[in-house]
Amino acid sequence: MTRAVASSGSSPASSHIPARYFLFPLLAALIWSVNMIVTKMAAGVISPAVIGFYRWALAGVVLTPFALPGVWRNRRVVLPYLPKFAVLGGLGMALYQGLAYVAAGSTTATNMGIITAMIPLMTIAVGALVLRERPSAMAMLGGLLSLAGLALLIGEGDPSRLLSVGANHGDVLMGLGALAYALYGVLLRRWGLPVGPWQSLYVQVAFGVLFQLPAFLMAPASPLNGDNLPLVLYAAVFPSLFAPFLWMQGVRHLGPNRASMFLNVMPVATVAIAALFLDEKPHLFHIVGGAMALAGVMLAQMRAPFAGARPAKGGA
């Protein structure tokens, strides 16, 4: 699941917002939810390194006729920022989704969806470290509640189990991937790249493909076939291109704060779709732990996530 998060914007001046505008972030969240199921399904039919490479390579090919002319026109602007584009492409395209494909081999889509729902909260924590923004008391309370819920979820109903047995390998990888994406969002906001969103996405995708090329070349043979080709096509088109477009439209019309609330739909939708198509029957610890994690995220979003900010030292 890869998300293009707008980092700035303001709420619309008018209090009356057409209902159709709410469909933009809702559809984006649902597409990303389905991508969790696709990621889990891919674990048994194609190598993680192979689907990761094909997904972004195909997305780059589709974007090329639309984005490359603008990137070329703005090449003098883009060139000085290439190191930053490389970091963003490595975090958002290669590392986040790459870890998710590996994690899918040893955890459930249900767990993946709930852990991914923690990204907004992780973004607050990373922002506190990177941008030196002080989290509000509400954000810290929400963080503690979400951590308790995750401990219940990953410990399969017994948080103390984590001390004796440890966390599931796939859950740890998914958590690291979510943390990488939280850092991606914070850096995207801090750096304020001077190009449009589609040109920015295109350059990041190019670096994501480049970073995944060595793993793709070294991976065991995993040819495209009737079982895995639909999964690759879905991942390359819908969550990589359509969802970012819908999300950007949602942020444009609703503002980033109102749009971000729709991300809370993702874990609920993922659990429902996984139960329907993957026969992942949710247990009580899934429901209670997931509800606690989601409630913590919503609690942290109830007010401005930061009580205050200290200017970061050094350049952007």
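This text follows the structure it describes.
Since the model is a prediction, treat every value here as computed from it, not as a measurement.

(A) Molecular detail of the overall build of the chain. Counting its regular elements, the chain contains 14 helices and 2 strands. Counting only residues that meet the buried cut, the chain has 50% of its 316 residues in that class. At a minimum sequence separation of 6, the contacts of the chain that also span at least 24 residues come to 91%.

(B) View of the environment of Pro-48. Here Pro-48 is to be found in helix α2 (residues 48-73). Pro-48 sits 167 residues away from Ala-215 along the chain, and the two C-alpha atoms are 9.3 Å apart. If we ignore the near neighbours within four places in the chain, the residues touching Pro-48 are Tyr-101 and Val-102.

(C) Main features of the packing of aromatic side chains. A complete count under the given rule lists 12 aromatic pairs for this structure. An angle of 15° between the planes, with centres 4.2 Å apart, marks the rings of Phe-53 and Phe-216 as stacked. Separated by 163 residues along the polypeptide, Phe-53 in helix α2 and Phe-216 in helix α10 (residues 197-218) bring together distant segments of the chain. In this pair, the class of Phe-53 matches that of Phe-216, namely buried. A connected cluster of aromatic rings, assembled from ring pairs, spans Phe-53, Tyr-54 and Phe-216.

(D) Examining the environment of Asn-168 more closely. Within the secondary structure, Asn-168 is located in the loop between α8 (161-164) and α9 (169-191). Exposure remark for Asn-168: the relative accessible area of 30% places this residue in the partly exposed category.

(E) A look at the packing of helix α1 (residues 23-42) against helix α11 (residues 229-254). Where α1 meets α11, the closest approach of the two axes is 8 Å, and the angle between their N-to-C directions is 155°. Compared by their axis directions, α1 and α11 come out roughly antiparallel. α1 and α11 meet at a crossing whose hand is left-handed. Taken together, the residues of the contact of α1 with α11 sort by class into 21 nonpolar, 4 polar and no charged.

(F) Examining the environment of Met-266 more closely. One can find Met-266 in helix α13 (residues 265-277). Take Met-266: its relative accessible area is 3%, and that puts it in the buried class. Each C-alpha atom, one on Met-266 and one on Leu-26, is 9.1 Å from the other, the two residues being 240 residues apart in sequence.

(G) Representation of helix α7 (residues 137-154) in the model. Under the 1.5 Å per step criterion, the end-to-end length of α7 is 26 Å for 18 residues, consistent within 8% with the ideal 26 Å. Those residues of α7 that sit buried are Met-138, Ala-139, Gly-142, Gly-143, Ser-146, Gly-149, Leu-150, Leu-152, Leu-153 and Ile-154. The positive-phi residue at the C-terminal boundary of α7 is Glu-156, with phi of around 55°.

(H) Seen up close, a nonpolar patch on the surface. A contiguous nonpolar surface patch, about 230 Å² in accessible area, is contributed by Leu-23, Leu-27 and Leu-30. With respect to the element layout, Leu-23 can be found in helix α1. Assessed through its relative accessible area of 43%, Leu-23 is described here as partly exposed.

(I) Local environment of the side chain of Gln-204. Inspection of the secondary structure puts Gln-204 in helix α10. Residue classification places Gln-204 among the buried residues on the basis of a relative accessible area of 2%. Setting aside chain neighbours within four positions, we find Gln-204 in contact with Phe-85, Leu-88, Gly-89, Met-93, Tyr-184 and Leu-188.

(J) Looking closely at the packing of α1 against helix α5 (residues 109-116). Closest axis-to-axis distance for the α1/α5 pair is 9 Å, and the angle between their directions is 135°. By the angle class used here, α1 and α5 are oblique. Our pair here, α1 against α5, has a crossing hand that is right-handed. For the pair α1 and α5, contact is made by Met-36, Ile-37, Thr-39 and Lys-40 and by Ala-109, Met-112, Gly-113 and Thr-116, respectively. Here the contact of α1 with α5 is composed, by residue class, of 4 nonpolar, 3 polar and 1 charged.

(K) Inspection of unusual backbone geometry at higher detail. A positive phi angle is found at Asp-279, which is not glycine, with a value near 60°. Structurally, Asp-279 is set in the loop between α13 and α14 (284-301).

Criteria and thresholds
- Residues numbered from 1 in each chain as written.
- Predicted model: local features only at pLDDT ≥ 70, side-chain atom pairs only at ≥ 80, totals over all residues.
- Heavy atoms only, no water.
- Helix = DSSP H or I, 4+ residues; strand = E, 2+ residues; numbered from the N terminus.
- Buried < 20%, exposed > 50% of the residue type's maximum accessible area, 1.4 Å probe, protein only.
- Contact = heavy atoms within 4.5 Å.
- Phe/Tyr/Trp six-rings, centres within 6.5 Å; stacked < 30°, edge-to-face > 60°.
- Axes fitted to C-alpha atoms, helices over the stretch in contact; angles between N-to-C directions.
- Parallel < 35°, antiparallel > 145°, perpendicular 65-115°, else oblique.
- Left-handed = near helix turned anticlockwise from the far one by under 90°.
- Nonpolar A, V, L, I, M, F, W, Y, C, P; charged D, E, K, R; others polar.
- Expected span 1.5 Å × (residues − 1).
- Patch = residues over 30% accessible without salt bridge, like charges linked within 9 Å, V, L, I, M, F, W, Y side chains within 5 Å.
- Areas by Shrake-Rupley, 256 points an atom, 1.4 Å probe, with all protein chains shown as cover.
- Salt bridge = Lys/Arg side-chain N within 4 Å of Asp/Glu carboxyl O.

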